[in-house]
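# Working through the structure, step by step
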Amino acid sequence: MSNLLVTGGAGFIGANFIHYWMSTYRQDKVVVLDALTYAGNKANLEPVAENANFYFCQGNICDTHLVETLLKEHRIDTLVHFAAESHVDRSISGPDAFIETNIIGTHSLLKAAKKVWLDDGVNKDNHRFHHVSTDEVYGTLGPEDPAFSETTPYAPNSPYSASKAASDHLVRAYHHTYGLKVTTSNCSNNYGPYHFPEKLIPLVITNILQDKPLPVYGDGQQIRDWLYVEDHARGIDLVIKKGHLGECYNIGGINEWANLDIVKLICELMNSEFAENPELTNKYPKAVSAIAGKAQSLVTFVKDRAGHDRRYAIDPQKSNSELDYQPQESFASGIRKTLQWYLENDSWWQAVMDGSYRQWIDQQYSTAEQAGDR
Ligand code: NAD
Ligand code: TYD
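Keep in mind that this is a model prediction, so the values were computed, not measured.

## Here we look at the overall build of the chain
Secondary structure assignment for the chain yields 14 helices and 12 strands. Principal-axis analysis of the C-alpha atoms places the extent of the chain at approximately 65 × 45 × 40 Å. Every one of the 374 residues in the chain was classed for burial, and the buried ones make up 55%. When contacts within the chain are restricted to residue pairs at least 6 apart in sequence, those whose partners lie at least 24 apart make up 82%. Taken as a whole, the chain presents about 15,700 Å² of accessible surface, with 49% of it coming from carbon and sulfur.

Shown next as structure tokens:
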């Protein structure tokens with residue numbers, strides 16, 4: 001039996017991880033620490049909210065004292081750290097929050113964990129700090145380059161990836177210097193339910209349903225490796241259970257796609273959904289292009305992201321051989337499940353889009369339109 005502290009548990013991956021964990025390890029206690037920024041949403045945790053082993057604390061990971069209190073009061077033995085500013089575009093327009101949460105916040109957690117677990121000796125021999133990071137720390141690949149392995153040198157290119165790289169180094173240093181029991185996972189792009197609709201896949205799905213343009217940055221030939229979010233949760237579970245202390249594990253989907261191809265695929269799937277299910281036309285009357293079988297007509301090429309990384313790819317060898325990790329969901333089934341989830345959960349994404357996110361994205365669009373970019 002474990003007592004987990006999950007930071008950022010009200011966000012996309014954190015919430016999916018908690019759903020996975022609480023249905024897999026029913027005896028474990030799960031405490032969430034989340035600041036509920038624009039990306040955090042308590043509705044993401046509704047499926048577990050009534051569980052007697054579930055606790056929610058609204059608070060900031062930069063509050064070291066609060067973290068120490070949670071670690072002691074709940075006798076936490078496992079901290080799984082998801083909390084972050086996570087959107088590359090926001091890191092370009094406003095990097096400060098990324099430095100604050102991703103670097104200072106991670107250091108605050110490490111300090112609290114060292115104090116409680118090592119200095120005060122609570123769970124001294126039996127603790128784990130698992131840090132959730134990204135493949136973006138490795139920078140960008142050319143078309144023929146080998147995929148990122150755990151020994152690929154760090155070369156982050158955006159304020160987001162640079163802040164995550166800094167946090168990875170701090171985690172490593174707390175193991176090497178103080179003996180904190182840490183592991184890190186560096187994962188590729190996730191997709192699935194509860195994905196905030198500023199990221200590519202949920203943005204495309206929700207924009208089709210509202211007949212809005214589907215913005216494709218630059219030539220749309222940038223490549224990402226996509227992993228269904230529950231497979232990420234399974235990977236983290238394996239790293240926590242079987243990973244070696246102080247080590248990093250790359251987790252990927254072995255599933256590289258060019259952005260434009262993903263957008264076209266979602267358009268095709270959506271056209272088929274509307275053709276096969278006439279009731280969707282009543283539910284989503286605004287989706288006129290998809291209703292006419294022409295969602296692709298919404299594709300709009302826009303100005304490229306500054307410093308846009310061209311390609312990410314994960315070499316899965318280490319997690320495969322040491323952890324016996326393999327993604328279970330195929331992309332064909334995962335993307336269909338995801339699309340179905342958004343079609344059925346319009347109240348979730350409508351509520352998300354009515355919030356502060358909507359103001360931000362509208363501002364981005366009007367600025368770009370003024371500049372004649374979009
Ligand atoms: P998200 O933006 O959906 O969620 C982040 C969560 O952290 C939100 O609930 C937010 O309220 C919370 N948070 C932000 N700042 C906080 C603070 N100072 N204190 C407490 N809580 C705070 O992010 P996500 O997509 O779920 O990503 C989770 C983690 O996984 C991040 O560390 C990210 O770098 C990493 N990751 C994401 C992806 C991906 O494809 N989304 C891929 C690899 C790694
Ligand atoms: P995103 O979902 O923001 O994830 P990340 O930047 O962490 O990879 O973007 C995925 C890819 O899609 C990335 O190459 C940028 C591109 N993209 C678009 O072309 N249009 C969009 O509107 C968005 C949000 C992203």
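## A closer look at the site of ligand 1
If you check the shell around ligand 1, you find 28 residues, and the closest are Ile13, Asp34, Ser86, Tyr160 and Lys164. In this structure, an oxygen atom belonging to ligand 1 sits 2.6 Å away from a side-chain N or O atom of Asp34. Taking Tyr160, its side chain carries an N or O atom lying 2.7 Å from an oxygen atom of ligand 1. Expressed as a share of its isolated accessible area of 840 Å², the protein-covered part of ligand 1 is 96%. Listing elements by their share of the shell around ligand 1, those giving two or more residues are helix H1 (12-24), strand S5 (128-134), helix H5 (159-178) and strand S7 (189-191). The element best represented in the shell around ligand 1 is S5, accounting for 3 residues. A breakdown of the residues in the shell around ligand 1 according to their chemical character gives 13 nonpolar, 13 polar and 2 charged.

## Quick word on the site of ligand 2
In the vicinity of ligand 2, 16 residues are found, and the nearest of them are Glu136, Pro215, Asn259, Arg305 and His308. Within the side chain of Asn259, a nitrogen or oxygen atom sits 2.8 Å from an oxygen atom of ligand 2. Take Arg305: an N or O atom from its side chain is 2.6 Å from an oxygen atom of ligand 2. Here ligand 2, which alone exposes 510 Å², has 96% of that area covered by the protein.

## With respect to the sheet that holds strand S1 (residues 3-7)
Strand order in the open sheet made by the 7 strands is S3-S2-S1-S4-S5-S6-S10, with parallel pairing throughout. One side of each edge strand has no neighbouring strand; the edge strands of this open sheet are strand S3 (54-58) and strand S10 (248-251). Taking each pair of neighbouring strands and ignoring which way they run, the sheet shows an average axis angle of 20°. Here 4 bridges tie strand S4 (residues 78-81) to S5, and the two strands are oriented parallel to one another. Opposite His81, over in S5, you have His131 as the bridge partner. The sheet contacts of helix H4 (residues 96-119) involve S1, S4 and S5, and relative to S5 the element is tilted by about 165°. Packing of helix H7 (residues 229-242) onto the sheet brings it into contact with S4, S5, strand S6 (182-187) and S10, and relative to S5 it is tilted by some 140°.

Parameters and conventions
Every chain's residues receive numbers from 1 upward, in the order its sequence appears when written. Numbering of ligands from 1 and lettering of chains from A proceed in the order in which they are written. A pLDDT threshold of at least 70 governs which residues receive local features in this predicted model, and a stricter bar of 80 or more applies before side-chain atom pairs are shown or counted, although totals over entire chains, interfaces and linings include all residues. Here the side-chain values reflect all heavy atoms present in the structure, with hydrogen atoms and water set aside. Secondary structure elements are taken from DSSP: a helix is a run of H or I of four residues or more, a strand is a run of E of two residues or more, and numbering for both begins at the N terminus. Relative accessible area decides the class of each residue, using a 1.4 Å probe on protein chains only: under 20% of the type maximum gives buried, over 50% gives exposed, and in between gives partly exposed. Any two residues whose heavy atoms approach within 4.5 Å at even a single point are treated as in contact. In short, Shrake-Rupley with a 1.4 Å probe defines the accessible areas, and a residue's cover is counted only from the protein chains shown. In these notes, residues near a molecule or strand are those with any non-hydrogen atom within 4 Å of it. Under the rule applied, a polar contact is a pair of N or O atoms within 3.5 Å (in protein, one hydrogen donor and one hydrogen acceptor; residues adjacent in sequence only if both atoms are side-chain atoms). When residues are sorted by character, Ala, Val, Leu, Ile, Met, Phe, Trp, Tyr, Cys and Pro go into the nonpolar class, Asp, Glu, Lys and Arg into the charged class, and all the rest, Gly among them, into the polar class. In this scheme, strands are said to pair when DSSP sees at least two bridges between them. To get an axis, a line is fitted to the C-alpha atoms, and for a helix only the part in contact is used. The angle between two axes follows their N-to-C directions and goes from 0 to 180 degrees.

This is a description of form; function is not addressed.
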